[in-house]
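Examining the three-dimensional arrangement
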Amino acid sequence: VPIGDSEVLRFTCEPDSLRSYLASLNIVTNGGSSQLTFSAIGIPDSTHVTLAPPAITFQNTVANCRADTSSLAFTNSSCAPIRVDSISSLHSDIFPIVTSRIAKTLAKDSSVILPFSFSPVDSGAASGSATIYYSDANGREHDTTISLSGRGLPDAAFSAELGAPEPSSAGV
């Protein structure tokens, strides 16, 4: 570096665990040398995931007849890989899980598409949730929950009003 000029040095610390880090830099010039010491404390990345969409609303679906399916992108937005382990559903009779065991490792900023299903058993509004279980790079378990909702429709073939039964004349 010429006399009178300066140079900027940048250092980055990317901790992999909760502990103290210490580093030193020796600077040697024509006029001598000096040592700079840097210290930092590593804080583990709090595992962040993103769900897109953040909730699923299924299309109106005929009860006891067919299912509607939808999916979401589960994205690892943390700084380290995570492992998506499994999914469970509250009200699994209405919101059955298409794939309960995932067992997929996601690198940072990568996604997996998770399918969901809505199979109403009655007409009317239905709501529930599904929980996605995953582990961080240190093996700690985490979970996140998504809201699920939909509306069951009556089957038109069976929803007609029936009149009163005709009296029977048998045995008279």
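Read on for an overview of the structure. In this text the structure is predicted, and so the values were computed from the model without any measurement. (Residues numbered from 1 in each chain as written. Predicted model: local features only at pLDDT ≥ 70, side-chain atom pairs only at ≥ 80, totals over all residues. Heavy atoms only, no water.)

Summing up its helical and strand segments, the protein chain has zero helices and 11 strands in all. The secondary structure elements of the protein chain, listed N-terminal to C-terminal, are β-β-β-β-β-β-β-β-β-β-β. Expressed as a percentage of its 172 residues, the buried residues of the protein chain come to 26%. Put simply, of all contacts in the protein chain between residues at least 6 apart along the chain, 60% involve residues at least 24 apart. Carbon and sulfur atoms form 51% of the exposed surface of the protein chain, whose accessible area is close to 11700 Å². (Helix = DSSP H or I, 4+ residues; strand = E, 2+ residues; numbered from the N terminus. Buried < 20%, exposed > 50% of the residue type's maximum accessible area, 1.4 Å probe, protein only. Contact = heavy atoms within 4.5 Å. Areas by Shrake-Rupley, 256 points an atom, 1.4 Å probe, with all protein chains shown as cover.)

This part takes up the sheet that holds strand 3 (residues 49–52). If you walk across this open sheet you meet the three strands as 3-6-9, and the pairing is antiparallel. Each edge of the sheet is formed by a strand with only one pairing partner; in this case those strands are strand 3 and strand 9 (111–118). Shown here is a sheet whose adjacent strand axes are inclined to one another by a mean of 25°, direction ignored. Across four bridges, strand 3 lies against strand 6 (residues 68–76) in antiparallel orientation. Pairing of Ala52 across the sheet is with Ala73, part of strand 6. (Pairing = 2+ DSSP bridges. Axes fitted to C-alpha atoms, helices over the stretch in contact; angles between N-to-C directions.)

Taken as a whole, this structure holds four aromatic pairs when the rule is applied. When the centroid spacing of 5.6 Å and the interplanar angle of 65° are considered together, the rings of Phe74 and Tyr134 count as edge-to-face. Of the two residues, Phe74 sits in strand 6 while Tyr134 sits in strand 10 (residues 124–135), which places them 60 residues apart along the sequence. The pair formed by Phe74 and Tyr134 is uniform in burial state, with each residue classed as buried. Members of the aromatic cluster, connected to one another through ring pairs, are Phe58, Phe95 and Phe118. (Phe/Tyr/Trp six-rings, centres within 6.5 Å; stacked < 30°, edge-to-face > 60°.)

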